[in-house]
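Observations on the model geometry
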Amino acid sequence: MLTANKLLAQGHGLASVLLKRAATVELDWDVRQKSRFAATDSQGRELAVFLPRGQAVRGGDVLVAEDGSMVRVIAAPQKVLHITACAAHGSPFDLMRAAYHLGNRHVPIELQPDHLKIEPDHVLADMLRSMHMTVVQADMPFEPEGGAYGGHVTNDGHSHHGHSHAQDHHHDHGHAHSHDHSACSRQHDHDHAHAHACHAHGTHAHAHNHAHGKGGCG
């Protein structure tokens, strides 16, 4: 059994030819979120992985074994709930609101510009559908968001840190006073009417989807 106690995030610093030649190991999130686990790679070798506590393994990371050999990690497809805003009546804000409510429940969430993913949970699925989200169960790789402090690694392998609070406040404050308030009022009236229309549509869609077992709006 090979012991691996070193991890190169997204194979950083390795030539692409080395990554292509490396053995692979396919792991779901339940295993990759652990810092100590056993696995079998694509060459049939048994691995004993010992990483610093709290370190999760992401798809694209490379484990380095005690003999110097490398094993590239592949995020295995697993059952997830794929969440999008209603195509007919939704907006990106709906997705933001859904992420907020899921975050309040402290569930692991994968954040993407046009969708969210969470692990299957029928209670949360019903909550999201009541918010007029489209919720579909699928088999896909799952890469939930990491901790906010110290940045997080995205799918492109880059670590991103947020702007300082002072920068964000200054940016938002500068724009907040540049609005045409009469236009804001008109937009508010429009949004209010749109919300009523979407709610009526969502109520009908929810009843339809519940009867037919679908994951559409509502």
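Look up a bit, the structure's there.
Scope of this entry: the structure provided in the associated data block. (Residues numbered from 1 in each chain as written. Predicted model: local features only at pLDDT ≥ 70, side-chain atom pairs only at ≥ 80, totals over all residues. Heavy atoms only, no water.)

1. A word on the packing of helix α3 (residues 92–104) against helix α4 (residues 122–130)
Rules: Between N-to-C directions, angles span 0 to 180 degrees; the directions come from axes that are lines fitted to C-alpha atoms, helices contributing only their stretch in contact. Counting from the N terminus, the helices are the DSSP runs of H or I reaching at least four residues and the strands are the DSSP runs of E reaching at least two. Orientation labels follow simple angle bins: below 35 degrees gives roughly parallel, above 145 gives roughly antiparallel, 65 to 115 gives roughly perpendicular, and whatever is left gives oblique. For any helix crossing, the convention is left-handed if the near helix is rotated counterclockwise from the far helix by under a right angle, and right-handed if that rotation is clockwise. Any two residues whose heavy atoms approach within 4.5 Å are treated as being in contact. Under the grouping applied here, Gly and all other residues not named as nonpolar or charged are polar, the nonpolar ones being Ala, Val, Leu, Ile, Met, Phe, Trp, Tyr, Cys and Pro and the charged ones Asp, Glu, Lys and Arg.
One can describe the packing of α3 onto α4 by two numbers: an axis separation of 11 Å at closest approach and a directional angle of 150 degrees. As judged from the angle between their axes, α3 and α4 are roughly antiparallel. The two elements α3 and α4 cross, and the hand of that crossing is right-handed. Taking contact as the criterion, the partners of Ala98, His101 and Leu102 in α3 are, on α4, Leu124, Met127 and Leu128. Counted by class, the contact of α3 with α4 contains five nonpolar, one polar and no charged residues.

2. A short note on the sheet that holds strand β4 (residues 46–50)
Let me state the cut-off plainly: Here, any two strands with at least 2 DSSP bridges between them count as paired.
The strand order across the open sheet formed by six strands is β2-β6-β5-β1-β4-β3, and the pairing between neighbours is mixed. Pairing within the sheet leaves two strands with one partner each, and these edge strands are β2 (23–27) and β3 (36–40). Ignoring which end each strand starts from, the neighbouring axes of this sheet average 35 degrees apart. Across four bridges, the pairing between strand β1 (residues 2–8) and strand β5 (residues 62–65) is antiparallel.

3. Some remarks on the nonpolar core
The line we're drawing: In this description, a nonpolar core means a group of buried Ala, Val, Leu, Ile, Met, Phe, Trp, Tyr and Cys residues linked to one another through side-chain atoms lying within 4.5 Å. Under the scheme applied here, a residue whose accessible area is under 20% of the maximum for its type counts as buried, over 50% as exposed, and between as partly exposed, the area being computed with a 1.4 Å probe on protein chains only.
With 16 residues, the main nonpolar core has Ile83, Leu102, Leu116, Ile118, Leu128, Met133 and Val135 as its most contacted residues. Ignoring any residue separated from it by four or fewer positions in sequence, one finds isoleucine 118 in contact with Val80, Leu81, Ile83, Leu102, Val107, Pro108, Ile109, Leu124, Leu128 and Phe142. The next biggest cluster of nonpolar side chains, apart from the first, holds 15 residues, and it includes Val25, Ala39, Leu51 and Val71.

4. Describing the sheet that holds strand β9 (residues 116–118)
Read from one edge to the other, the open sheet built from four strands follows the order β8-β9-β7-β10, with strand pairing classed as antiparallel. This sheet does not close on itself; its edge strands, each paired only once, are β8 (110–111) and β10 (133–140). Note that β8 and β9 share two bridges and pair antiparallel. Along β9, the bridge assignment pairs leucine 111 with leucine 116.

5. What to know about the pattern of salt bridges
The condition is simple: Here, a salt bridge means any Lys or Arg side-chain nitrogen found within 4 Å of an Asp or Glu carboxyl oxygen.
Here the structure, examined in full by the defined rule, presents seven salt bridges. Lysine 79 is the salt-bridge partner of aspartate 139, the closest N and O atoms lying 3.7 Å from each other. With aspartate 139 in strand β10 and lysine 79 in strand β7 (residues 78–85), this pair connects stretches of sequence that are 60 residues apart. Residue class for aspartate 139 comes out exposed when judged on its relative accessible area of 52%. Here lysine 79 falls in the partly exposed class, since its relative accessible area comes to 48%. A salt bridge links lysine 117 to glutamate 110; the nearest nitrogen and oxygen atoms lie 3.5 Å apart. The same class applies to lysine 117 as to glutamate 110, namely buried. Here the residues in one salt-bridge network are Arg32, Arg58 and Glu143, joined through shared partners.

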